[in-house]
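Single-letter residue listing:
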Amino acid sequence: MEIYSTKAAANKNRRKSNLDGDIVDANDESLLDVYHQNISADIDRLAHEFSTLHEKCLEPEIPDTVDTFVRIIELRIKRYNSTKPGMRCGKMVTDQEDQYFTDAITRLSKLKIVLSEFPNTTPSLDRITDVLQQAMTLMQDEFQALLLDYTAPSEPITICKKPNSCTSLEPDNNQQDFPGYSKDNMILMQKIVAVMIHAGYQYECCQVYSTVRRDALHEQVKRFGFEKVNVEDVHKSKWASLEPDISRWVNLANYSSDVLFPAERKLGETVFSNHISVFTGLFINLIHGVTALLVDFATAVAMTKPKAKRLFKFLDIYEALGGIGRALVDESNSHVKLEEYCNLQSEISSVRGSMGETVVIIFNDLNNSIRNDTNKTPVQGGAVHPLTRYVMNYLKCAFDEYKDTLEHILRQHVHEASSQVVEDKSSLSKQLFSVIELLDANLEVKSGLYKDPSLRCIFLMNNNRFILQVVKGNKEMKEAMGDNWCRRKSSDVRNYHTSYQRETWNKLLQCITQEGVQVNGKPNRRIVKEKLKNFNGMFDEIYKTQSTWVVNDEQLLSEIRVSITAVVSPAYRSFIGRYKPQFEGAKSIDKYIKYQPEDIEAMMETLFEGTEKVESQMNGIQAASTVKQTAGAFKSLLKTYKNVGLM
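Just so it is clear, the model here is predicted, and its values are computed rather than measured. (Residues numbered from 1 in each chain as written. Predicted model: local features only at pLDDT ≥ 70, side-chain atom pairs only at ≥ 80, totals over all residues. Heavy atoms only, no water.)

1. Thoughts on the overall build of the chain
We count it as follows: Helix and strand definitions here come from DSSP, where helices need a minimum of 4 consecutive H or I residues and strands a minimum of 2 consecutive E residues; each element is numbered from the N-terminal end. Should any heavy atoms of two residues lie within 4.5 Å, those residues are considered in contact. Surface accessibility follows the Shrake-Rupley procedure with a 1.4 Å probe radius. Residue values consider only the protein chains on display as shielding.
Check the secondary structure of the chain and you find 24 helices and four strands. Long-range contacts, defined here as pairs at least 24 residues apart, represent 80% of the contacts in the chain between residues at least 6 apart. With an accessible surface of roughly 31800 Å², the chain has 48% of that area assigned to carbon and sulfur atoms.

2. Section: the state of the cysteines
Note the threshold: Count a disulfide wherever a pair of cysteine sulfur atoms falls within 2.5 Å.
Using the criterion set out here, one finds zero disulfides in the structure. Of all cysteine sulfurs, the one in Cys206 lies closest to Cys205, which takes part in no disulfide; the gap is 5.2 Å.

3. Thoughts on the nonpolar core
Short version of the rule: Nonpolar cores were defined as sets of buried Ala, Val, Leu, Ile, Met, Phe, Trp, Tyr and Cys residues, with membership established by side-chain atoms within 4.5 Å. Partly exposed residues are those whose accessible area sits between 20% and 50% of the maximum for their type, while under 20% is buried and over 50% is exposed, using a 1.4 Å probe and protein chains only.
Core analysis: the biggest nonpolar cluster contains 188 residues, and Trp249 and Phe272 have the highest contact counts within it. Of the residues forming this core, the biggest block, 16 residues, is contributed by helix α12 (residues 276-302).

4. So, the environment of Thr291
Here Thr291 lies in helix α12. For Thr291 and Ser256, which are 35 residues apart along the polypeptide, the C-alpha to C-alpha distance reads 8.7 Å. Other than its neighbours up to four places away in sequence, Thr291 contacts Phe261, Ile324, Leu344 and Ile348.

5. Quick look at helix α13 (residues 311-328)
Our working definition: How far a helix is expected to stretch is found by multiplying one less than its residue total by 1.5 Å.
Between the first and last C-alpha of α13 there are 26 Å, a value that for 18 residues agrees with the 26 Å anticipated at 1.5 Å per step. Here α13 lies mainly inside the structure; 16 of its 18 residues are buried.

6. Focus: the confidence of the model for the chain
For the record, the criterion: Confidence of the predictor at the level of single residues is given by pLDDT, which spans 0 to 100.
Across the chain, the average pLDDT comes to 80, with 78% of residues at or above 70. Confidence, read as mean pLDDT per element, is least for helix α1 (residues 2-12) in the chain (38) and greatest for helix α17 (residues 453-473) (96). Predicted confidence for residues 161-174 stays below pLDDT 50, and this span has 33 contacts to residues more than four positions away or in other chains. Considering only residues more than four positions removed or in separate chains, one finds that residues 612-647, a stretch of pLDDT under 50, has 52 contacts.

7. Considerations on the packing of aromatic side chains
Quick reminder of the rule: Between 30 and 60 degrees the pair is tilted, below 30 it is stacked and above 60 it is edge-to-face, where a pair is any two Phe, Tyr or Trp rings, Trp via its six-membered ring, whose centres lie within 6.5 Å. Two limits define a charge over a ring: the Lys NZ or Arg CZ must be within 6 Å of the ring centre, and within 35 degrees of the ring normal.
Evaluated as defined, the whole model comprises 22 aromatic pairs. Relative to Phe101, the ring of Tyr80 lies with its centre 4.7 Å away and its plane at 45 degrees, an arrangement referred to as tilted. Here the residue Tyr80 occupies a position in helix α5 (residues 64-81), and Phe101 occupies one in helix α6 (residues 96-115), the gap between them amounting to 21 residues. Centre to centre, the rings of Tyr209 and Phe272 are 5.1 Å apart; their planes meet at 90 degrees, and the pair counts as edge-to-face. Highlighted residues: Tyr209 in helix α9 (residues 202-222) and Phe272 in the loop between α11 (239-271) and α12, separated in sequence by 63 residues. Neither residue differs from the other here; Tyr209 and Phe272 are each classed as buried. Positioned over the ring face of Tyr150 is Arg213, at 5.6 Å from the centre of the ring.

8. Notes on the environment of Val435
Within the secondary structure layout, Val435 lies in helix α16 (residues 427-447). Note on Val435: relative accessible area 0%, which makes it buried. Linking Val435 and Arg371, residues 64 residues apart in sequence, is a C-alpha distance of 9.8 Å.

9. Considerations on the packing of α9 against α11
Going by this rule: Lines fitted to the C-alpha atoms define the axes, with helices restricted to the stretch that makes contact. Angles between their N-to-C directions range from 0 to 180 degrees. Between 65 and 115 degrees an angle is taken as roughly perpendicular, under 35 as roughly parallel, over 145 as roughly antiparallel, and anywhere else as oblique. Should the near helix be turned anticlockwise from the far one by less than a right angle, the crossing is left-handed, and should it be turned clockwise, the crossing is right-handed. Only Asp, Glu, Lys and Arg are considered charged in this grouping, and only Ala, Val, Leu, Ile, Met, Phe, Trp, Tyr, Cys and Pro are considered nonpolar; every other residue, Gly among them, is considered polar.
The geometry of α9 relative to α11 is characterised by a closest axis approach of 12 Å and an angle of 160 degrees between their N-to-C directions. With respect to their mutual orientation, α9 and α11 come out roughly antiparallel. In this structure, α9 meets α11 at a crossing whose hand is right-handed. Along the contact surface, α9 presents Tyr209, Arg213, Leu217, Gln220 and Val221, while α11 presents Leu252, Tyr255, Leu260, Glu264, Leu267, Gly268 and Val271. Counted by class, the contact of α9 with α11 contains eight nonpolar, two polar and two charged residues.

10. Describing α17
Note the threshold: Nitrogen and oxygen atoms within 3.5 Å of one another constitute a polar contact, given that in protein one can donate a hydrogen and the other can accept it, and given that sequence-neighbouring residues count only through two side-chain atoms.
Its 21 residues give α17 an end-to-end C-alpha distance of 30 Å, which sits within 8% of 30 Å, the value for a rise of 1.5 Å per residue. Judged by how many residues are buried, α17 sits mostly within the fold: 16 of 21 residues are covered. With a side-chain oxygen lying 2.9 Å from the backbone nitrogen of Ser454, the N-terminal cap of α17 falls on Asp452.

11. Thoughts on the environment of Phe459
Turning to its location among the elements, Phe459 is positioned in helix α17. Judged by relative accessible area, Phe459 falls into the buried class, the value being 1%. Spatially, the C-alpha atom of Phe459 lies 9.1 Å from that of Tyr496, the residues being 37 residues apart in sequence.

12. Re the packing of helix α18 (residues 475-509) against helix α19 (residues 525-546)
With their axes 9 Å apart at the nearest point, α18 and α19 run at an angle of 145 degrees to one another. Contacts between α18 and α19 involve Tyr500, Thr504, Trp505, Lys507 and Leu508 from the former and Phe535, Met538, Phe539, Ile542 and Gln546 from the latter. Here the contact of α18 with α19 is built from residues that sort into seven nonpolar, two polar and one charged.

13. What to know about unusual backbone geometry
The residue Phe608 is not glycine, and still its phi comes out positive at about 65 degrees. Looking at where Phe608 falls in the secondary structure, it is placed in the loop between α22 (597-604) and α23 (614-624). Classification of Phe608 as buried rests on a relative accessible area of 2%.

14. Digging into the side chain of Asn185
Mapping Asn185 onto the fold places it in helix α8 (residues 183-198). Residue classification places Asn185 among the buried positions, given a relative accessible area of 11%. Contact partners of Asn185, with chain neighbours within four places excluded, come to Leu146 and Asp149.

15. Details of the side chain of Gln431
Following the sequence through the fold, Gln431 ends up in helix α16. In contact with Gln431, not counting residues within four places along its chain, are Phe363, Asn364, Asn367 and Leu410.

This is the structure we're talking about:
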């Protein structure tokens, strides 16, 4: 140690004058050239010797090596301070000098701890403490500069609807840009944190980190345009004006759970890799502001009046809260049970539970809405009832986007009596059965509003077909209802079809039966005329009426038209073919044989289009109808009408 003592003595008298200066003179430079490995080994050995002394009441002899070592650190601090923060430790990992500096600070902090156990070491201890404080100030400044050196996204988030979604929204952003630190800077910050915490400056280290990262999180929150809203403001707001806030909230909550919180955790676990327990508490405090903002708003919305149209917004909030709760869970540190963490999870679980209860109330409200829909106005043309469309599209949306969430909620919050339980069915499936059964019963009542039995059948056929197609078109709904239900519902539609055909077209065919036509073995012309007259009158009335009716489903429309044609056309063609000779040469042939078989077939193709222009079509048909008229000419006329907008 003689070389260190000599150099130290040479500089001892000058220390006071240079202590506060920024200039490193030639003699000081010589200290920086001291062989680091040797002096570091001496300091390590000295610290070990002091720590193993049993007699701590005596003042230890402190060699000049300590003074030299402290002076070297002090000179290096001056050198670093001559550089702008954020650039001082740029070579900390790769450069031997920078590595020595951080190691030296660690040794100095160890030495301080050891000397503090002895009395009467105040001068040396004070000097070590002073230099260590200078080093920590430098480290703190550098840490702050590095923390501020990030390139996270800052552009505002625009709200846009997610494809194939009922209500969910997502931000247009690059999730990979947050938190925006370079790999090299993260390694440098990791190094600084380790040094500061080891030196006993954990509070200062955490304070700098929390301040910068909390501001960074706040900047991300501002991108969503979501402002803190109190409970009173939410309750005073109309739902229409509240929906944009909910959309922004959902965006922010999903972004927080998917991007902000995981990225913030990953950053902290990298920077505080040697002190994970320190970061665990830091992380909870760091995100508490964002989480509290989200939870407070969700709590206020959960207290609003539950209505069926609000279901999907409530489900969006419920799912987002679940994502936040999962983002707070860290499996690698599941043993850490901080009070702040438990309180945060408890708040999230509480408001999520309230939201789940509200969802159940809304589902019950849907049932009540169906029961209480007693509108006495029949839908024109027997079309699909607005209630049917609303309920089925509502259920389809629920199953498309929220099936698992709804199932989870219903299992938690719905307690059914054993008599109501459908074997082997989930809670959501039972709810679906219940809603559709109520809808079926309501439609059966509404069908009674139609005085015409045929139109009643069309109405039930349309609505049951719509219900069936929605269920079959959704995999989850079809699985929930089952194949047996689908077969029964298909059978119902066929039965309504059969009833319709019997009520309308079988009665028409009674007009052209062979019964009573033959008198004394020969066709009676008067009876044939009467039958044709009755057929024409009834067919005109049916066509005029049923052309204004509606069949919404294209496939069902085609099936009905084909089945009618298959029944009416052969019978009419046969009757005309058999008795047309009775009118050969008669001037009144067009009066009785008003339609050719081809005309009848073509007219069937225009039934159930919901048009009121029946008279113009009929006039055109009558004007063009002659004995030699072909089906092609008639169809050409219909095409012309369509082109000019009459059909």
